[in-house]
Amino acid sequence: GAVVSQHPSWVICKSGTSVKIECRSLDFQATTMFWYRQFPKQSLMLMATSNEGSKATYEQGVEKDKFLINHASLTLSTLTVTSAHPEDSSFYICSARGAGSSYNEQFFGPGTRLTVL
Amino acid sequence: AQKITQTQPGMFVQEKEAVTLDCTYDTSDQSYGLFWYKQPSSGEMIFLIYQGSYDEQNATEGRYSLNFQKARKSANLVISASQLGDSAMYFCAMTRGLAAGNKLTFGGGTRVLVKP
């Protein structure tokens, strides 16, 4: 199957700083990328959907000014957590879908664990 | 709005035995997709099996089968011949429309621990 990478795999930052997480599709062009957040012992919650070259669509309750998403190319989407606070500490997972994919193909990245001190 | 419910927060299963993970869903859509994912402690999401709302036969993928009961709105996952490596979190999920390219709504998950 197709491969999606995320960088970094984990990051620790101080409160008030911004953190950028990259999501790359390595061997296919991702027309759509999704960003999920998973708190400890909880399920995945969709934060936003991004399509290449257009603005991301955020889920209700997700602050678009705090979680900046850029999908500037068909292989790269970035999530920037601005002015991070301890409550933003979570596991962030991206997934990607390519054009022409069959029904069951949404490929997940390995996730990024963010800890805000 | 769609909703997925997994009522079993955790369960033990003996190695080599079968286990059924429950999943019920709620949607007013006629067209939807049902998915099961496995999440080991490493955090990666591993796709297991898919069932489209119009599929009349239950989906099977190796040791995984999906017991689709449309009238009951249930999509239980059956893992046969459990292995130690099956110990993980399992999530049921669904999409509006048939395609995984649509956004996924996840259930709360079930933690499975396989005992030797």
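Note that this is a predicted model, so its numbers are computed, not measured.

K.L.:
It is not clear to me how the overall build of chain B should be interpreted in this structure. Could you clarify?
P.N.:
From N to C terminus, chain B includes zero helices and 12 strands. In chain B, the succession of helices and strands from N to C terminus is β-β-β-β-β-β-β-β-β-β-β-β. The C-alpha radius of gyration computed for chain B amounts to 13 Å, which stays within 12% of the reference 13 Å derived for 116 residues, consistent with globular compactness. Oriented by its inertia axes, the alpha-carbon framework of chain B measures out at about 40 × 25 × 20 Å. For chain B, buried positions account for 50% of its 116 residues.

K.L.:
How should the packing of aromatic side chains be read in this particular structure?
P.N.:
Two measures describe an aromatic ring pair: the distance that separates the ring centres and the angle between the ring planes. A full pass over the atoms with the stated rule returns 13 aromatic pairs over all chains. When the ring of Tyr36(A) is compared with that of Phe106(B), the centres are 5.6 Å apart and the planes differ by 85 degrees; the resulting orientation is edge-to-face. Separated into two different chains, Tyr36(A) in strand S4 (residues 30–38) and Phe106(B) in strand S11 (residues 104–106) make up a pair that spans both. The residues Tyr36(A) and Phe106(B) share a single accessibility class, namely buried. For the ring pair Phe108(A) and Tyr37(B), a centre distance of 5.2 Å and an interplane angle of 75 degrees mean the geometry is edge-to-face.

Cut-offs and rules
Throughout, a residue's number is its position along its own chain's written sequence, starting from 1. Key to labels: chains lettered from A, ligands numbered from 1, both in the order written. Where local features are concerned, this predicted model is filtered to residues with pLDDT of at least 70; where side-chain atom pairs are given and counted, the filter is 80 or more; whole-chain, interface and lining totals use all residues. Only hydrogens and water are set aside when side-chain values are computed; all heavy atoms of the structure are taken into account. Only runs of H or I of at least four residues qualify as helices and only runs of E of at least two qualify as strands under DSSP, and these elements are numbered from the N terminus. Throughout, radius of gyration means the C-alpha value; the globule benchmark is 2.2 Å times the number of residues raised to the power 0.38. Exposure is judged per residue with a 1.4 Å probe applied to protein chains only, and the accessible area is read against the type maximum: over 50% gives exposed, under 20% gives buried, and values in between give partly exposed. Aromatic pairs are defined between Phe, Tyr and Trp rings, using the six-membered ring for Trp, whenever the two ring centres lie within 6.5 Å; interplanar angles under 30 degrees are classed as stacked, those over 60 as edge-to-face, and all others as tilted.

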